[in-house]
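Close look at the chain arrangement
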Amino acid sequence: MKLLLHICCAPCSIACIQSLRAEGIEPTGFWYNPNIHPLTEYRARRDALQSYAAQIGMALEMHDAYGLRPFVRAVAEDMDARCVTCYAARMRETARYARAHGFTHFTSTLFVSPYQDHALLRAAAEQAAAEFGVAFLYRDFRPGFRDGQAQARALALYMQKYCGCVFSEEERYTKRSGAKPAAKPTEKPPAPFTEAEAALARQAAMPLFQAAGLRFDAEQAKADAAPPTAAAQALAAAMERERTGAVGGGDARGGDVRGVAPHPTRGQ
Ligand code: SF4
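Residues numbered from 1 in each chain as written. Predicted model: local features only at pLDDT ≥ 70, side-chain atom pairs only at ≥ 80, totals over all residues.

Here's the deal with the overall build of the protein
Applied cut-off: Working definition: helices are DSSP H or I runs of at least four residues, strands are E runs of at least two. Numbering for both runs from the N terminus. Our exposure labels follow a C-beta count within 10 Å of each residue's own C-beta, placed from the backbone: buried means 20 or more other C-beta atoms, exposed means 12 or fewer, and partly exposed covers the counts in between. Contacts are defined on C-beta atoms placed from the backbone: any two residues whose C-beta positions lie within 7 Å are in contact.
Secondary structure assignment for the protein yields 10 helices and 5 strands. Residues counted as buried form 34% of the 268 residues belonging to the protein. Put simply, of all contacts in the protein between residues at least 6 apart along the chain, 78% involve residues at least 24 apart.

Given below as structure tokens:
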């Protein structure tokens, strides 16, 4: 078995890698998480994984893709159901990459987390496996979660405080998720920016965009949604050829970090 292990972060990878190695499976790690924001957080998690992979001698493939804008656009229609899109994006790209690079199986460290929707994640992985014709190796790594996190703390690895996207960051620090508020009890939470205020701001911004010769956001979104022209398709195909030829092959020591790639839910 040649296994590609999608890795969301170094702490979560510990129990999964140990469990796989105990089974006699040597995984190759795969970094692809355009859902992690902001950039400083993305870099902190990515760099921690590269350092940990080097420490334990595990091969690591990097598909570096910081995706704030495309991610937010992709989940904007239904932000409360955003995890569906997020899982599909990451499982889909992992399956595609596995297939394209000669791996027989793939799985993900997301299956270690008791905070993820395990069943939904599994469905997304199975769908991606069927789409790309590569086997999905299901493992419930959750029993190792606490021990893995304890090992991560002992190794002084970077430990994130929220799942990944800006929405989960907000939930982590508000009462909505049941998490303890970060603010001191006497500190007032910020007042919400209402839809009505946003609409007024958009209205006020329109002439400013026009004066500056810029397209307003709504126009940009419409342009993005329009079917691509033949020239745009040819350009996208050329970029894809270049990207698939360039991505990968880097291991933890090489740390082959490339430029931003297109979001998998859009245009691939
Ligand atoms: S909460 Fe986590 S899994 Fe859900 S969309 Fe945000 S980063 Fe993805």
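Past the structure itself, the notes keep going.
Side note on the nonpolar core
Rules: Note on terminology: a nonpolar core is a set of buried residues of type Ala, Val, Leu, Ile, Met, Phe, Trp, Tyr or Cys, with members joined through C-beta atoms within 7 Å.
Core analysis: the largest hydrophobic core is formed by 52 residues, its most contacted members being Leu-49 and Phe-106. Elements supplying a minimum of two residues to this core: β1 (3-7), α1 (10-22), β2 (28-31), α2 (39-56), β3 (60-62), α3 (68-75), α4 (82-100) and α5 (118-132). In contact with Phe-106, other than residues within four places in its own chain, are Leu-3, Leu-4, His-6, Thr-94, Ala-95, Ala-98, Val-134, Phe-136 and Leu-137.

Re the sheet that holds β2
Threshold: Whether two strands pair depends on DSSP finding at least two bridges between them.
Spatially, 5 strands are ordered β3-β2-β1-β4-β5 in an open sheet, and the strand pairing comes out parallel. Edge strands, defined here as strands with exactly one partner in the open sheet, are β3 and β5 (135-136).

Concerning the site of the ligand
Formally: Here, nearness means that the C-beta atom of a residue, built from backbone geometry, sits within 6 Å of the molecule or strand in question. Put simply, Ala, Val, Leu, Ile, Met, Phe, Trp, Tyr, Cys and Pro go in the nonpolar bin, Asp, Glu, Lys and Arg in the charged bin, and everything else, Gly too, in the polar bin.
The full set of residues close to the ligand is Asn-35, Arg-82, Cys-83, Cys-86, Cys-163, Gly-164, Cys-165, Phe-167 and Ser-168. Within the shell around the ligand, the residues separate by chemical class into 5 nonpolar, 3 polar and 1 charged.

Quick notes on the pairing of strand β4 (residues 105-108)
Quick note on the threshold: For crossovers, right-handed means that the path from the first strand over the helix to the second runs clockwise, given strands pointing away from the viewer.
Bridge analysis of β1 against β4 gives 4 bridges, and the strand direction is parallel. Residue pairing across strands places Leu-3 opposite His-105, the latter belonging to β4. Crossover connection from β4 via α5 to parallel β5: handedness right-handed.

Re unusual backbone geometry
In most cases, non-glycine residues show a negative phi, while peptide bonds are predominantly trans. Cis geometry is adopted by the peptide bond preceding Pro-38, which originates at His-37 and carries an omega value of -10 degrees. Counting through the fold element by element, Pro-38 comes out in the loop between β2 and α2. Notably, Ala-156 is not glycine yet its phi reads approximately 60 degrees, a positive angle. Tracing the sequence through the fold places Ala-156 in the loop between α6 (145-154) and α7 (166-172).

Focus: the packing of α1 against α6
Which entries qualify depends on this criterion: Only C-alpha atoms enter the line fits that serve as axes; for helices the fit covers just the stretch in contact. Angles between N-to-C directions range over 0 to 180 degrees. Throughout, the term roughly parallel applies to angles under 35 degrees, roughly antiparallel to angles over 145, roughly perpendicular to angles from 65 to 115, and oblique to all others. Should the near helix be turned anticlockwise from the far one by less than a right angle, the crossing is left-handed, and should it be turned clockwise, the crossing is right-handed.
Taken N-terminus to C-terminus, the directions of α1 and α6 make an angle of 125 degrees; their axes are 8 Å apart at the nearest point. By the angle between their axes, α1 is oblique relative to α6. Viewed along their axes, α1 and α6 form a crossing whose handedness is right-handed. In this structure, α1 contributes Ala-10, Pro-11, Cys-12, Ile-14 and Ala-15 to the contact, and α6 contributes Phe-145, Asp-147, Gly-148, Gln-149, Gln-151 and Ala-152. When grouped by side-chain class, the residues that make up the contact of α1 with α6 number 7 nonpolar, 3 polar and 1 charged.

Some details on the confidence of the model for the protein
Any segment with low pLDDT has predicted coordinates that should not be analysed in fine detail. Threshold: Per residue, pLDDT captures the predictor's confidence, and it can take any value from 0 to 100.
Taken as a whole, the protein shows an average pLDDT of 82; of its residues, 74% reach a score of 70 or greater. The model gives residues 246-268 a pLDDT under 50, and that stretch makes 46 contacts with residues more than four places away or in other chains.

Points about the packing of α1 against α2
Across the interface, α1 lies against α2 with an axial gap of 9 Å and an inter-helix angle of 30 degrees. One element, α1, and the other, α2, form an angle in the roughly parallel class. Within the contact between the two elements, α1 uses Ala-10, Ser-13 and Ile-17 and α2 uses Ala-48, Leu-49, Tyr-52 and Ile-56. Partitioning the contact of α1 with α2 into residue classes produces 6 nonpolar, 1 polar and no charged.

Structural notes on α5
As a reminder of what qualifies: Take the number of residues in a helix, subtract one, and multiply by 1.5 Å to get its expected span. Within this analysis, the arc is defined by the directions that extend from the helix axis to the C-beta atoms.
With 15 residues, α5 extends 21 Å between its outermost C-alpha atoms, agreeing within 8% with the 21 Å of an ideal straight helix rising 1.5 Å per residue. Among all positions in α5, only Leu-121, Ala-124, Ala-125, Ala-128 and Ala-129 are buried. Seen along its axis, α5 keeps its buried residues to an arc of 135 degrees; they face one direction. The exposed residues of α5 that point more than 90 degrees off its buried face are Ala-119 and Ala-130. Check the buried side of α5 and you find it contacts α4, β4 and β5. Of the residues flanking the end of α5, it is Gly-133, one or two places downstream, whose phi is positive at about 65 degrees.

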